[in-house]
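Chain and residue survey
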There are 2 protein chains.
Amino acid sequence: MSPVFETYLKSYAGFSDSEISQITSLAITQHLRRKEFLLREGSVCRYKSFIVSGLLRVFGTDSDGSEHILQFCPEHTWTLDAESYDRQIPSACNIAAVEDTEILLWRKSDFDKLLVEIPLLKTVAEKLISSAVYNSRQRLLTVLSASPEHKYNDFITKFPDLFGRLPLRMIAAYLGISLKTLTRIRHAQLHR
Amino acid sequence: MSPVFETYLKSYAGFSDSEISQITSLAITQHLRRKEFLLREGSVCRYKSFIVSGLLRVFGTDSDGSEHILQFCPEHTWTLDAESYDRQIPSACNIAAVEDTEILLWRKSDFDKLLVEIPLLKTVAEKLISSAVYNSRQRLLTVLSASPEHKYNDFITKFPDLFGRLPLRMIAAYLGISLKTLTRIRHAQLHR
């Protein structure tokens, strides 16, 4: 199984070797090519995913096909559509690869079993859910309140590593500003 | 203690009478006058709150004092700033009363004790956190993607009871649109 995931588990919390084997034994490895979808709007999210390497994005689409990006998920993070996964209902969003990506997947039934059998995994899962709550409140506040310049600077400060890996149109779709505005901000900063 | 809260607990999940007594025995009743604050930006959120009657709003403020409303919390819902409460760090947002409001408060140490002693309360708390995750993802998607008209119609459909209780400026601050735009949309709809 992936040494990256083992290292992650060990550094995140003090899992025993047997717990790590138990968790990894139920994981399915999958490779996504750039632009390939892990989840499509209208489908049920059947897996919890850990990103070993690469980069995914979670996004909704407008009737005109334009994207609104909710989240970027780089290596060593988890992703899913929580509501679709928990309730096994069609998802309102898409998850697709920005780069060639390697992920580990757990079927919901398998992961639910692990949560019961390994209390520490349940604690970790609860922490991840709490972080999701904190991050989305913070993100909503930024989207609602900040000026385009502030949004852009906030993004660079928070995600310095992501910046160079993303096309500008995706950064604009994440910030909720037009590509034109984003280009204008970047030009102004370069000329300062 | 509040019969409203007892009825809520009984209808939400099958709590026993002794569990209900245990939960309510640690609650503190507080009355907030309209415009009064429950939590101020920069303070630590020390309590979990259940709204018995009335209406609260959770909001951030800009440097120019303008409000950005994250959430409205009507009767029979819970509120707090999760990150500030969990980590006991200063909050990035405010919670204040839109109407005269009656709430029940639990100190974090008391509520943590209840969560350990009453497994069903832990299950209910987890469900509430999951709902918060679903709602904030949905809200973020709407804020990022929808037109002002769509945002307004979505609000009326989702919160038909709130609409008449809120000043227009608060609805605009929740939708992330200007008061002028909101007024224009309402006029256009009335004249159709």
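Here the structure is a predicted model, which means the values were calculated and not measured. (Residues numbered from 1 in each chain as written. Chains lettered and ligands numbered in written order. Predicted model: local features only at pLDDT ≥ 70, side-chain atom pairs only at ≥ 80, totals over all residues. Heavy atoms only, no water.)

1. Description of the side chain of H68 of chain B
Here H68 of chain B shows up in strand β5 (residues 67–74). Here D62 of chain B takes part through its side chain, which lies 3.1 Å from a polar atom of the side chain of H68 of chain B. Ignoring anything within four residues of it in the chain, the contact list for H68 of chain B reads L141, L144 and S145 of chain A together with V58, F59, G60, D62 and A173 of chain B. (Helix = DSSP H or I, 4+ residues; strand = E, 2+ residues; numbered from the N terminus. Polar contact = N/O pair within 3.5 Å; in protein donor to acceptor, adjacent residues only side chain to side chain. Contact = heavy atoms within 4.5 Å.)

2. Notes on the packing of helix α5 (residues 119–145) of chain A against helix α5 (residues 119–145) of chain B
Remark: α5 of chain A packs on α5 of chain B, axes separated minimally by 10 Å, with the N-to-C direction vectors making an angle of 35°. The way α5 of chain A lies across α5 of chain B gives a crossing that is left-handed. For the pair α5 of chain A and α5 of chain B, contact is made by K122, E126, I129, V133, S136, R139, L140, V143 and L144 of chain A and by K122, E126, I129, V133, S136, R139, L140, V143 and L144 of chain B, respectively. Here the residues of the contact of α5 of chain A with α5 of chain B sort into 10 nonpolar, two polar and six charged. (Axes fitted to C-alpha atoms, helices over the stretch in contact; angles between N-to-C directions. Left-handed = near helix turned anticlockwise from the far one by under 90°. Nonpolar A, V, L, I, M, F, W, Y, C, P; charged D, E, K, R; others polar.)

3. A word on the environment of L9 of chain B
Residue and element names in this part refer to chain B. Tracing the chain through its elements places L9 in helix α1 (residues 3–12). According to the relative accessible area criterion, L9 is buried, its value standing at 1%. Sequence separation of L9 and E19 is 10 residues, and the distance between their C-alpha atoms is 9.8 Å. Filtering out sequence-adjacent residues up to four positions away, L9 remains in contact with F15, I20 and I23. (Buried < 20%, exposed > 50% of the residue type's maximum accessible area, 1.4 Å probe, protein only.)

4. What to know about the packing of aromatic side chains
Applying the stated criterion across every chain yields a total of 36 aromatic pairs over all chains. Ring centres 6.2 Å apart and planes at 70° place the aromatic pair F72 of chain A and F155 of chain A in the edge-to-face group. Here F72 of chain A, found in strand β5 (residues 67–74), pairs with F155 of chain A, found in helix α6 (residues 148–158); they are 83 residues apart in sequence, far enough to count as distant. Each member of the pair F72 of chain A and F155 of chain A is classed as buried. Ring centres of W106 of chain B and F111 of chain B lie 5.9 Å apart, and the angle between their planes is 75°; on these two criteria the pair is classed as edge-to-face. Considered together, W106 of chain B and F111 of chain B belong to a single accessibility category, that of buried residues. Here the aromatic residues F5, Y8, Y12, F50, W78, W106 and F111 of chain A are joined through ring pairs into a cluster of three or more. If you follow K108 of chain A out to its NZ or CZ, it ends over the ring of Y85 of chain A, 5.6 Å from the centre. (Phe/Tyr/Trp six-rings, centres within 6.5 Å; stacked < 30°, edge-to-face > 60°. Lys NZ or Arg CZ within 6 Å of the ring centre and 35° of its normal.)

5. Some thoughts on the pattern of salt bridges
Enumeration over the complete set of coordinates arrives at 26 salt bridges over all chains. For R87 of chain A, the salt bridge identified is with E83 of chain A, shortest N-O distance 2.7 Å. Here R87 of chain A and its partner E83 of chain A are both found in helix α3 (residues 82–87), four residues apart, which amounts to about one turn of the helix. The residue D154 of chain B makes a salt bridge to K158 of chain B at a minimum N-O spacing of 3.2 Å. Taken together, the residues D154 of chain B and K158 of chain B, both in helix α6 (residues 148–158) and four residues apart, mark about one turn of the helix. Taking relative accessible area as the criterion, D154 of chain B reaches 24% and is therefore assigned partly exposed. (Salt bridge = Lys/Arg side-chain N within 4 Å of Asp/Glu carboxyl O.)

6. Section: the relation of the copies chain B and chain A
Relating one copy of the chain to the other requires a rotation about an axis plus a shift along that axis. The two copies are related by a screw operation: chain B maps onto chain A through 180° of rotation and 0.0 Å of translation along the axis, at an RMSD of 0.0 Å. With respect to symmetry, the two chain copies, as superposed, fit the operation of a two-fold axis. (Least-squares fit on C-alpha atoms with pLDDT ≥ 70 in both.)

7. A few points about the confidence of the model for chain A
Fine structural detail should not be taken from predicted coordinates in areas where pLDDT scores are low. Of the residues in chain A, 99% have a pLDDT of 70 or more, and the chain-wide mean is 94. For this predicted complex, the interface confidence comes out at an ipTM of 0.87, alongside a pTM of 0.90. (pLDDT = per-residue confidence, 0-100.)

8. Overview of the sheet that holds β5 of chain A
All names here are of chain A. Pairing is antiparallel across the open sheet formed by four strands, whose spatial order is β2-β7-β4-β5. Each having just a single partner strand, β2 (37–39) and β5 make up the two edges of the open sheet. Recorded for the sheet is a direction-independent mean angle of 30° between the axes of neighbouring strands. Bridging between β2 and strand β7 (residues 94–97) involves two bridges; their strand directions are antiparallel. Pairing of F37 across the sheet is with A96, part of β7. (Pairing = 2+ DSSP bridges.)

9. Focus on α6 of chain B
All names here are of chain B. Considered for burial, the residues of α6 that qualify are K151, Y152 and F155. Buried residues of α6, viewed axially, fall in a sector of 95°; they line one side. Where the residues of α6 are buried, they touch β5, α5, α7 (160–163), α8 (168–175) and α9 (179–190). (Arc of directions from axis to C-beta.)

10. Some remarks on the sheet that holds strand β7 (residues 94–97) of chain B
Residues and elements named next belong to chain B. Pairing within the open sheet is antiparallel, and its four strands lie in the order β2-β7-β4-β5. Single-partner strands in this sheet number two, and they are β2 (37–39) and β5. Sheet twist, expressed as the mean angle between neighbouring strand axes with direction ignored, is 30°. Pairing of strand β4 (residues 55–61) with β7, which is carried by four bridges, proceeds in the antiparallel orientation. Bridging from a neighbouring strand, V58 pairs with I95 of β7.

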